Amino acid sequence: MYSLDKTDTQLLQALSVDPRSTFVALADTLGLSRNTVQARMKRLEDSGAFLGFDRRINPAALGYPLTAFIEVHVQQKRLAQIVIDLAKIPEIVQAHGMSGQADLLVRVVCTDAADLFRIDGTILACDGVERTETSLAMGEVIPYRLTPLLDRHA
């Protein structure tokens, strides 16, 4: 990924305010030509600056109102296969390799406690998973955000 300059940061800030802005609207807002905006947006996209659209979909709208975080302890030599196996579980929406006691931190969505129990059992059934520790999210207190970082970068 290339380094962002002031114009890139301004484009990202404007998109943060209104993600559905057209190139023409962004050009008008920032005092740039449409071609400049289009070229910058293409370069940002090609560099991986934009995440997938599915990050903006609320899982509750799909019938999954609960979120839990599961710490997964694994046999290290089987980690690669475990990750492949976990990726097949649709309720796992995100996973991170961790330092510290747990090897993986897995974010899951579920319909209720019984569904969470089933998902945890599916994770435990993966060959090489030794144990899990599950925490139910009671509520999101700081939603995913990058605006403060964009503001700092500007």
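Scope of this entry: the structure provided in the associated data block.

Scoring rules and cut-offs
- Residues numbered from 1 in each chain as written.
- Predicted model: local features only at pLDDT ≥ 70, side-chain atom pairs only at ≥ 80, totals over all residues.
- Heavy atoms only, no water.
- Helix = DSSP H or I, 4+ residues; strand = E, 2+ residues; numbered from the N terminus.
- Rg over C-alpha atoms; globule rule 2.2 N^0.38 Å.
- Buried < 20%, exposed > 50% of the residue type's maximum accessible area, 1.4 Å probe, protein only.
- Contact = heavy atoms within 4.5 Å.
- Areas by Shrake-Rupley, 256 points an atom, 1.4 Å probe, with all protein chains shown as cover.
- Lys, Arg positive; Asp, Glu negative; His and termini not counted.
- Charge placed at Lys NZ, Arg CZ, Asp CG, Glu CD.
- Pairing = 2+ DSSP bridges.
- Axes fitted to C-alpha atoms, helices over the stretch in contact; angles between N-to-C directions.
- Parallel < 35°, antiparallel > 145°, perpendicular 65-115°, else oblique.
- Nonpolar A, V, L, I, M, F, W, Y, C, P; charged D, E, K, R; others polar.
- Polar contact = N/O pair within 3.5 Å; in protein donor to acceptor, adjacent residues only side chain to side chain.
- Expected span 1.5 Å × (residues − 1).
- Arc of directions from axis to C-beta.

Details of the overall build of the protein chain
Scanning the protein chain from terminus to terminus reveals six helices and four strands. Mapped in sequence order, the helices and strands of the protein chain form the string α-α-α-β-α-β-β-α-β-α. The globule rule puts the C-alpha radius of gyration for 154 residues at 15 Å, and the 20 Å found for the protein chain is more than 25% above it. Dimensions along the principal axes, computed over C-alpha positions, put the protein chain at roughly 55 × 35 × 25 Å. When each of the 154 residues of the protein chain is scored for burial, the buried share is 29%. Taking the intrachain contacts of the protein chain between residues at least 6 apart in sequence as the baseline, contacts between residues at least 24 apart amount to 68%. Carbon together with sulfur atoms contributes 55% to the accessible area of the protein chain, which is approximately 10400 Å² in total. Distance between charge centroids for the protein chain: 6 Å, based on 16 positive and 19 negative side chains.

Some remarks on the sheet that holds strand 1 (residues 66-74)
If you trace the four strands from one edge of the open sheet to the other, you get 2-3-1-4, paired in antiparallel fashion. What marks the edges here is a single partner per strand, and that holds for strand 2 (92-97) and strand 4 (129-136). Strand after strand, the sheet turns through a mean of 20° between neighbouring axes, direction not considered. Of the strands in this sheet, strand 1, strand 2, strand 3 (104-110) and strand 4 are in contact with helix 4 (residues 79-87), which crosses strand 3 at around 10°. Helix 5 (residues 113-124) rests against strand 1, strand 2, strand 3 and strand 4 of the sheet, and its axis sits at about 155° to strand 4.

Considering the packing of helix 1 (residues 6-17) against helix 3 (residues 34-46)
In contact at an axis separation of 11 Å, helix 1 and helix 3 are set at 85° when each is read in the N-to-C sense. Classified by the interaxial angle, the pair formed by helix 1 and helix 3 is roughly perpendicular. Across the interface between the two elements, Thr7, Asp8, Leu11, Leu12 and Leu15 of helix 1 pack against Val37, Arg40, Met41, Arg43 and Leu44 of helix 3. Tallied by class, residues from the contact of helix 1 with helix 3 come to six nonpolar, one polar and three charged.

Comments concerning the environment of Thr132
When you line up the elements, Thr132 lands in strand 4. Its relative accessible area of 17% is what places Thr132 among the buried residues. Separated by 121 residues in sequence, Thr132 and Leu11 have C-alpha atoms that sit 42 Å apart. A polar atom in the side chain of Thr132 sits 2.8 Å from the side chain of Asp120.

Let's talk about helix 5
Residues that lie three or four places apart on an α-helix share one face, since the helix turns once every 3.6 residues. Between its terminal C-alpha atoms helix 5 stretches 16 Å, which fits the 16 Å expected from 12 residues at 1.5 Å a residue. Taken residue by residue, helix 5 has Asp115, Leu116, Ile119, Asp120 and Ile123 as its buried positions. Taken down its axis, helix 5 places every buried residue within 140° of arc, on the same side. Projecting away from the buried face of helix 5 at angles above 90 degrees are the exposed residues Ala114 and Phe117. Where helix 5 is buried, its residues meet strand 1, helix 4, strand 2, strand 3 and strand 4.

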